[in-house]
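Residue-level listing of the chains:
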Amino acid sequence: MSKNKTDKTAAQQYDNYPDPDAIVHFGDVSEELVELIEETLETSKFLSTSRDDLPETTLLVEAVENE
């Protein structure tokens, strides 16, 4: 029962964001690892990440249209 409540709460926290192509939640890892992966993804000209107002270990990833 608590799993459904947790899932609903997790889904609701993304309601204010554009529909991302991927949501990456790392679980119990260091902030340094999340930052490393975020920086690595940002080096791609095809991806963009964001973390505003999200739990520390969560990234939103969006494809970037190459014009």
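The rules behind these values
Residues numbered from 1 in each chain as written. Predicted model: local features only at pLDDT ≥ 70, side-chain atom pairs only at ≥ 80, totals over all residues. Heavy atoms only, no water. Helix = DSSP H or I, 4+ residues; strand = E, 2+ residues; numbered from the N terminus. Buried < 20%, exposed > 50% of the residue type's maximum accessible area, 1.4 Å probe, protein only. Contact = heavy atoms within 4.5 Å. Areas by Shrake-Rupley, 256 points an atom, 1.4 Å probe, with all protein chains shown as cover. Salt bridge = Lys/Arg side-chain N within 4 Å of Asp/Glu carboxyl O. Pairing = 2+ DSSP bridges. Axes fitted to C-alpha atoms, helices over the stretch in contact; angles between N-to-C directions. pLDDT = per-residue confidence, 0-100.

Re the overall build of the chain
Next up, step 1: Looking only at helices and strands, the chain has 2 helices and 3 strands in total.
Next up, step 2: Starting at the N terminus, the α and β elements of the chain follow one another as α-β-α-β-β.
Next up, step 3: Relative to its full complement of 67 residues, the chain shows a buried share of 21%.
Next up, step 4: Contacts in the chain between residues far apart in sequence, at least 24 positions, make up 45% of those at least 6 positions apart.
Next up, step 5: Summed over all atoms, the accessible surface of the chain reaches about 5200 Å², with 50% contributed by carbon and sulfur.

Here's the deal with the pattern of salt bridges
Next up, step 1: Counting across every chain of the model gives 2 salt bridges.
Next up, step 2: The salt bridge partner of Glu-31 is Arg-51, with a shortest N-O separation of 3.0 Å. Of this pair, Glu-31 sits in helix H2 (residues 31-42) while Arg-51 is found in the loop between strand E2 (47-50) and strand E3 (58-63), placing the two residues 20 residues apart along the sequence.
Next up, step 3: We classify Arg-51 as buried; its relative accessible area is 17%.

What about the sheet that holds E3?
Next up, step 1: Read from one edge of the open sheet, 3 strands run E1-E3-E2, paired in antiparallel fashion. If you trace the sheet from one side to the other, it starts and ends with strand E1 (22-25) and E2, each paired once. The sheet shows a mean angle of 25 degrees between the axes of neighbouring strands, direction not considered.
Next up, step 2: Note: E2 against E3, 4 bridges, orientation antiparallel. Paired with Ser-50 across the two strands is Leu-60, which belongs to E3.
Next up, step 3: Most of the contacts of H2 go to E2, to which it runs at about 145 degrees, and overall it touches E2 and E3.

A closer look at the confidence of the model for the chain
Next up, step 1: The pLDDT averaged across the chain works out to 77; a share of 69% of its residues lies at or above 70.
Next up, step 2: Per-element mean pLDDT across the chain ranges from 52 in helix H1 (residues 2-12) up to 91 in H2.

Thoughts on the environment of Val-61
Next up, step 1: By the element assignment, Val-61 lies in strand E3.
Next up, step 2: Judged by relative accessible area, which is 8%, Val-61 ranks as buried.
Next up, step 3: Sequence separation of Val-61 and Pro-20 is 41 residues, and the distance between their C-alpha atoms is 5.8 Å.
Next up, step 4: Excluding residues that lie within four positions of it along the chain, Val-61 makes contacts with Pro-20, Asp-21, Ala-22, Val-24, Leu-41, Leu-47, Ser-48 and Thr-49.

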